[in-house]
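# Fold and geometry: a report
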Amino acid sequence: MKRAPGESVLSRVVRIFEAFGPDAPALRVTDIARGANLHVATASRLVEELVGHGWLRRDPDRKIRVGVRLWELASRASPTLGLREAAMPFMEDLHAVVGHHTQLAVLEDREVLFVERLSAPGAVVNVTRVAGRLPLHASSSGLVLLAHAPADLQEQVLAGPLEAFRRTTLTEPGRLRRFLADVRRNGYAFCAGFIDEETTGIAVPLRGPAGEVVAALSVIVPNDRNARMQIPALRAAARGISRAMGNSSH
């Protein structure tokens with residue numbers, strides 16, 4: 001593992017942080033070195049400096065985690081901060097009504113990024129988490145965002161590959177195209193059993209001041225005949241969030 005000619009220290013630091021993930025929140029230095037494609041000695045030196053600045057922290061078992069200082073800086077500068085502040089009061093009310101997972105997500109490259117989630121003990125299975133990602137075609141939030149994405153992004157996703165999570169996942173381009181048209185026409189995505197056969201994901205768009213879709217609001221509820229009864233509350237919450245973001249036309 002040799003350093004590329006002209007590679008900056010910043011590039012190596014970025015790779016160190018990218019070694020962490022939702023399924024790997026704590027890593028040993030050797031794991032970080034492997035994930036960042038760095039010599040162990042180089043990774044160890046950079047990790048020690050980052051720990052000293054509070055950007056990483058070391059657990060008692062010597063594993064390394066992302067530090068609170070980095071979270072603080074990222075939260076302060078996050079482009080989703082205003083969105084989350086506008087959404088939270090309505091998400092809390094919606095969560096009280098639904099009693100299961102309530103989520104806020106945005107489009108990030110060709111994936112859906114979940115930026116906020118409310119849950120409760122006894123809620124149904126949910127594979128998503130805050131700062132977690134899913135392919136756009138696989139979840140209700142992703143399908144809402146994809147339905148309102150620029151045409152070139154839609155065509156890139158439709159061109160595949162489209163990973164199957166279950167047999168109900170939309171992996172055939174023609175079916176996916178029709179589903180996206182239904183989302184635009186109906187104003188919501190209803191995904192029964194798309195990721196887990198016992199759950200239904202329902203998502204609606206959130207619109208910014210110019211009427212553009214900026215995020216998706218979703219709930220994950222039991223996959224039963226009562227699932228569709230959550231749609232009115234979900235749409236009402238979305239209208240409230242959109243108004244709070246300055247969209248008087250929605």
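What you see is a predicted model; the values in this text were computed from it and never measured. (Residues numbered from 1 in each chain as written. Predicted model: local features only at pLDDT ≥ 70, side-chain atom pairs only at ≥ 80, totals over all residues. Heavy atoms only, no water.)

## A word on the sheet that holds strand β8 (residues 199–207)
Our working rule: Pairing between strands requires that DSSP locate at least two bridges from one strand to the other. A helix here means a DSSP run of H or I that spans at least four residues, while a strand means a run of E at least two residues long, and both kinds are numbered starting from the N terminus. Lines fitted to the C-alpha atoms define the axes, with helices restricted to the stretch that makes contact. Angles between their N-to-C directions range from 0 to 180 degrees.
Taken in spatial order, the six strands line up as β6-β5-β4-β9-β8-β7 in an open sheet, and their pairing is antiparallel. Taken across any chain shown, the strands that pair with only one partner, and hence form the sheet edges, are β6 (133–135) and β7 (189–192). Neighbour to neighbour, the strand axes of the sheet diverge by 30° on average, direction disregarded. Relative to β8, β7 runs antiparallel, the two being bridged by four bridges. Paired with Ala 192 across the two strands is Thr 200, which belongs to β8.

## Focus on the pattern of salt bridges
To keep it simple, the criterion reads: By definition, a salt bridge exists where a carboxyl oxygen of Asp or Glu is found within 4 Å of a side-chain nitrogen of Lys or Arg. A 1.4 Å probe rolled over the protein chains alone gives each residue an accessible area, and that area as a share of the maximum for its type sets the label: buried under 20%, exposed over 50%, partly exposed in between.
Within the structure shown, the criterion is met by nine salt bridges. Between Arg 133 and Glu 111 there is a salt bridge; the shortest N-O distance is 3.1 Å. A residue pair is termed long-range when its members are at least 10 positions apart, and Arg 133 in strand β6 and Glu 111 in strand β5 (residues 111–118) qualify at 22 residues. By relative accessible area, Arg 133 is classed as partly exposed at 39%. On the basis of relative accessible area, Glu 111 is assigned to the partly exposed category, the value being 31%. Of the charged contacts, one joins Arg 177 and Glu 155 as a salt bridge, the two residues approaching to 2.9 Å between their closest N and O atoms. Note that Arg 177 is positioned in helix α8 (residues 173–186) and Glu 155 in helix α7 (residues 151–158), a separation of 22 residues in sequence. Owing to a relative accessible area of 41%, Glu 155 belongs among the partly exposed residues under this scheme.

## With respect to the packing of helix α6 (residues 140–147) against α8
Put simply, the test is: For this classification, under 35 degrees means roughly parallel, over 145 means roughly antiparallel, 65 to 115 means roughly perpendicular, and everything else is oblique. In what follows, a contact means two residues having at least one pair of non-hydrogen atoms within 4.5 Å. Polar here means any residue outside two lists: the nonpolar Ala, Val, Leu, Ile, Met, Phe, Trp, Tyr, Cys and Pro, and the charged Asp, Glu, Lys and Arg; Gly therefore counts as polar.
Running from N to C, α6 and α8 cross one another at 80°; their axes reach a closest spacing of 9 Å. Looking at the two axes, α6 sits roughly perpendicular to α8. Where α6 approaches α8, its residues Leu 143, Val 144, Leu 146 and Ala 147 are matched on the opposing element by Leu 176, Phe 179, Leu 180, Val 183 and Arg 184. Of the residues that constitute the contact of α6 with α8, the class distribution is eight nonpolar, no polar and one charged.

## Things to note about the sheet that holds strand β3 (residues 64–66)
Strand pairs in the sheet, formed through backbone hydrogen bonds, run parallel or antiparallel to each other. On the basis of which strands lie adjacent, the open sheet formed by three strands has the order β1-β3-β2 and antiparallel pairing. Pairing within the sheet leaves two strands with one partner each, and these edge strands are β1 (26–27) and β2 (56–58). Sheet topology note: the β2/β3 ladder contains three bridges and is antiparallel. The residue of β3 that forms the bridge with Arg 57 is Arg 65.

## Side note on the nonpolar core
Inclusion rule: Only buried residues count toward a nonpolar core. Its members are Ala, Val, Leu, Ile, Met, Phe, Trp, Tyr and Cys residues joined through side-chain atoms within 4.5 Å.
Grouped together as the largest cluster of nonpolar side chains are 28 residues, with contacts concentrated most on Leu 104, Leu 206 and Leu 217. Counting only elements with at least two residues in this core, the list comes to α5 (81–98), β4 (101–108), β5, β8, β9 (213–222) and α9 (231–244). Take this core: its biggest share by element is seven residues, from α5. Leave out the neighbours within four places in its chain, and Leu 206 touches Leu 83, Leu 104, Glu 212, Val 213, Val 214, Ala 215, Ala 216, Leu 217, Ala 238, Ile 241, Ser 242 and Met 245. One finds Val 112, Ala 149, Leu 153 and Val 183 within the second-largest nonpolar core, a separate group that totals 25 residues.

## Quick look at the UniProt feature "domain: HTH iclR-type" (unreviewed entry) in the protein chain
Applied cut-off: UniProt positions are given in the numbering used here, feature names are shortened, and annotations may be inferred rather than shown by experiment.
Taking the UniProt record as the reference, the feature "domain: HTH iclR-type" (unreviewed entry) is found at residues 7–68. Annotated as 53% helix and 13% strand, the span residues 7–68 places its first and last C-alpha atoms 27 Å apart.

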